[in-house]
Structure formats: structure tokens, C-alpha cells
Amino acid sequence: MRLAVVLVFSLMTSAVALAGTPDFTLSDLHGKQHRLSDYRGKWVLVNYWAMWCPPCLREIPELERFYQKHHGKDAVVLGIDYEESDHKRLAQFIKDNKMTYPVLLGSPEKGDTLGPVPGLPTSFLIAPDGTIAGRKVGPVTEHLIENYINTIKAKGKE
């Protein structure tokens with residue numbers, strides 16, 4: 001299982017590893033600016049998603065569990081709504097789905113600073129040093145994220 005977890009994330013890692021130390025600034029629904037670099041020192045899972053995307057909806061509880069378990073310590077989730085959404089509708093969606101991790105306003109027009117987003121959901125795992133540790137196109141689970149982080153830590157690349 002451990003090998004499969006590594007392969008799932010790392011198949012795409014070499015394509016994004018050249019990106020160096022990326023940064024972006026996006027707003028949440030309340031207008032608060034979030035910079036990726038503000039989270040330096042923690043693992044950051046940046047998840048591009050949309051309300052119309054069934055696999056995105058299925059992974060929200062997994063992301064929420066991961067966030068609740070780690071956000072005060074060593075990791076955080078940043079959800080990027082990758083569509084032009086009505087703010088009232090998005091706010092209700094976040095409430096209905098009990099999303100407590102930061103949801104930021106993005107769109108294909110605003111770009112994807114971390115690398116290509118060929119489909120939704122797409123997640124990028126950012127290491128504590130700010131470099132991209134991996135990319136996964138398709139849904140992720142709490143255990144997949146944790147296992148991949150632990151694999152990287154075991155290799156001494158934290």
C-alpha cells in the first residue's frame with residue numbers, strides 16, 4: 001500500500017518539481033488575503049475544486065478530517081474554488097458541507113500558479129520549505145495525504 005501511495009502522488013512530482021518555491025495571494029469570501037508563503041513551516045495541501053464536480057464533493061469530508069487533525073500543528077488545507085461562483089451560493093455550500101478549512105476564490109482565468117490543473121479535483125502538496133512535494137489529479141483521502149507526508153519524512157526530505 002505504501003508504494004501505491006507514493007506512486008499516486010509522485011507520478012506527477014517530477015513535472016512540477018522544477019517550479020521552485022511558488023507563491024500566490026487569493027482572497028476568501030470575507031476578503032481576507034491568504035498568501036501561500038504565510039503557511040511556510042507547515043505542510044499545505046492546496047486543493048483545486050468546484051461545486052459542480054462530483055469527485056470534489058466526495059473528497060471534502062476527507063480534506064476536512066485531515067484539516068481538523070493537523071491544522072493547529074503541522075499541516076493545513078487551502079481549498080481553491082476553481083470557478084466563478086456567486087458568493088452567497090458558495091457561502092451556503094461551505095456551510096452545508098461543514099468546510100472549516102480556508103476556501104479561497106480562484107478561477108481558471110486567475111491562473112494556476114502551482115502548475116497545470118488538467119482536471120478537478122487537483123491537489124498540490126507543498127512541503128514546509130515552500131517547495132512543491134507532489135501533485136495528484138483526482139480525489140485524495142486523509143490517509144493518502146498522511147502516508148505521502150510520512151513517506152517524504154522517512155526519506156529525510158522534510
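Scroll up for the structure.
Below or above, wherever it landed, is the structure these notes cover. Per chain, the residues get numbers from 1 upward, laid out in the order the sequence is written. Side-chain atom pairs in this predicted model are given and counted only at pLDDT of 80 or more, local residue features only at pLDDT of at least 70, and totals for whole chains, interfaces and linings cover all residues. To get the side-chain values, all heavy atoms of the structure are used, and hydrogens and water are removed first.

Further remarks concern the overall build of the protein. The secondary structure listing takes helices from DSSP runs of H or I that are at least 4 residues long and strands from runs of E that are at least 2 residues long, numbered from the N terminus. Broken down by element type, the protein carries 5 helices and 7 strands. Starting at the N terminus and walking to the C terminus, you meet the elements of the protein as α-α-β-β-β-α-β-α-β-β-β-α. Three exposure classes are used, based on accessible area relative to the maximum for each residue type with a 1.4 Å probe and protein chains only: buried under 20%, partly exposed in between, and exposed over 50%. Looking at the 158 residues of the protein, the share that counts as buried comes to 51%. What makes two residues a contact is simply this: any of their non-hydrogen atoms within 4.5 Å. For the protein, long-range pairs separated by at least 24 residues make up 72% of all intrachain contacts whose partners lie at least 6 apart in sequence. If you sum the accessible surface of the protein, you get close to 7800 Å²; carbon and sulfur atoms cover 56% of it. To measure how exposed things are, a 1.4 Å probe is used in the Shrake-Rupley method; for residues, cover is taken only from the protein chains shown.

Our next topic: the environment of Val77. Looking at the element boundaries, Val77 is found in strand 4 (residues 75–82). Val77 gets classed as buried once you look at its relative accessible area, which sits at 0%. Separated by 13 residues in the primary sequence, Val77 and Glu64 place their C-alpha atoms 8.2 Å from one another.

Bringing the packing of helix 3 (residues 54–70) against helix 5 (residues 142–154) into the picture now. The contact between helix 3 and helix 5 brings their axes to 8 Å, and the two run at 50°. Here helix 5 runs oblique to helix 3, going by the angle between their axes. On helix 5, the residues that touch Glu62, Leu63, Arg65, Phe66, Lys69 and His70 of helix 3 are Glu142, Ile145, Glu146 and Ile149. Amino acid classes used here: Ala, Val, Leu, Ile, Met, Phe, Trp, Tyr, Cys and Pro are nonpolar; Asp, Glu, Lys and Arg are charged; the rest, including Gly, are polar. Partitioned by chemical class, the residues of the contact of helix 3 with helix 5 number 4 nonpolar, 1 polar and 5 charged. Structural elements are reduced to axes, namely lines fitted to C-alpha atoms, with helices fitted over the stretch in contact, and the angle between N-to-C directions of any two is expressed from 0 to 180 degrees. Angular relationships are summarised with four words: roughly parallel below 35 degrees, roughly antiparallel beyond 145, roughly perpendicular across 65 to 115, and oblique for the angles in between.

Before going further, it helps to examine the state of the cysteines. Any covalent bond linking the sulfur atoms of two cysteines counts as a disulfide. Disulfide: a pair of cysteine sulfur atoms within 2.5 Å of each other. Applying the stated criterion across every chain, the model contains 1 disulfide. Each sulfur in the disulfide pair Cys53 and Cys56 lies 2.4 Å from the other. Disulfide Cys53-Cys56: torsion about the S-S bond near 75°, hence right-handed. Across this residue pair, the class does not change: Cys53 and Cys56 are buried.

Just geometry here; none of it tells us what the structure is for.
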